[in-house]
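# Residue-level structure breakdown
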Amino acid sequence: HFIIVILGKISYNRYIKLGVFLMEIKNLVKTYENQIIENLTTLVSYPSVLDTSDAKYPFGKANADCLEAALNLCEQYGFKTKNLDNYCGYAEIGEGEELIGVIGHLDVVPVSDGWKTDPFTLTRDGNKLYGRGSSDDKGPVCCSMAALQIVKQLRPNLNKRIRLIMGCNEET
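Now for a look at the structure at hand.

### Let's talk about the packing of helix α3 (residues 33–44) against helix α4 (residues 61–76)
Here α3 crosses α4 at 160 degrees, and the two axes come no closer than 9 Å. What the angle tells us is that α3 and α4 run roughly antiparallel. Handedness of the crossing formed by α3 with α4: right-handed. When α3 is examined against α4, the residues Asn39, Thr42 and Leu43 are found in contact with a partner set consisting of Cys66, Ala69, Ala70 and Leu73. Partitioning the contact of α3 with α4 into residue classes produces five nonpolar, two polar and no charged.

Next comes the structure, spelled out in structure tokens:
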């Protein structure tokens, strides 16, 4: 019913078709689960904590390496990518003047006490995944990569651009 509120009044047939479409998307998302976890494993492995000791890497070499790894993954999926001097980068699908931005970040706060596992190794415990940045914000970035792939699959001739912007300095 939430969808009806967003879309306004729609016919029953359109409501049923929308439900089928949403189930199709849900099933597509499930097909990307392993890829999301693999990508998250890669990104979590970078200790992307602020380090301003080298001007070539404004937020640290690990942050720049993590950004490069994320952009490389996106290139593998056929997205247009750009690294903006290691400050941030983006991956983009679609064509046209209109632009939709999706924002995430790849940096993490320094590790605190209390970790029972290596914070830079993604660890599964039952249905939970643990690793530095897995929920804030490397995990959502990986989910956004999958979402862009799904949009690209469902709308190969998208007349708007969708840009996943990945920053390297949100936490500090």
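### Digging into unusual backbone geometry
With omega at 20 degrees, the peptide bond leading from Asp136 into Asp137 counts as cis. Mapped onto the elements, Asp137 comes out in the loop between β5 (128–130) and α5 (138–154). Even without a glycine there, the phi angle at Asp85 is positive, about 55 degrees. Residue placement: Asp85 occurs in the loop between β1 (80–84) and β2 (88–93). For Asn86, which is not a glycine, the phi torsion comes out positive at approximately 65 degrees. Along the chain, Asn86 falls in the loop between β1 and β2.

### Remarks on the side chain of Ser134
Considering the arrangement of structural elements, one finds Ser134 in the loop between β5 and α5. With relative accessibility at 16%, the residue Ser134 sits in the buried group. At a separation of 2.9 Å, a polar atom in the side chain of Ser134 contacts the main-chain carbonyl oxygen of Gly131.

Parameters at a glance
- Residues numbered from 1 in each chain as written.
- Predicted model: local features only at pLDDT ≥ 70, side-chain atom pairs only at ≥ 80, totals over all residues.
- Heavy atoms only, no water.
- Axes fitted to C-alpha atoms, helices over the stretch in contact; angles between N-to-C directions.
- Helix = DSSP H or I, 4+ residues; strand = E, 2+ residues; numbered from the N terminus.
- Parallel < 35°, antiparallel > 145°, perpendicular 65-115°, else oblique.
- Left-handed = near helix turned anticlockwise from the far one by under 90°.
- Contact = heavy atoms within 4.5 Å.
- Nonpolar A, V, L, I, M, F, W, Y, C, P; charged D, E, K, R; others polar.
- Buried < 20%, exposed > 50% of the residue type's maximum accessible area, 1.4 Å probe, protein only.
- Polar contact = N/O pair within 3.5 Å; in protein donor to acceptor, adjacent residues only side chain to side chain.

Functional significance is not addressed by these values, which are geometric in nature.
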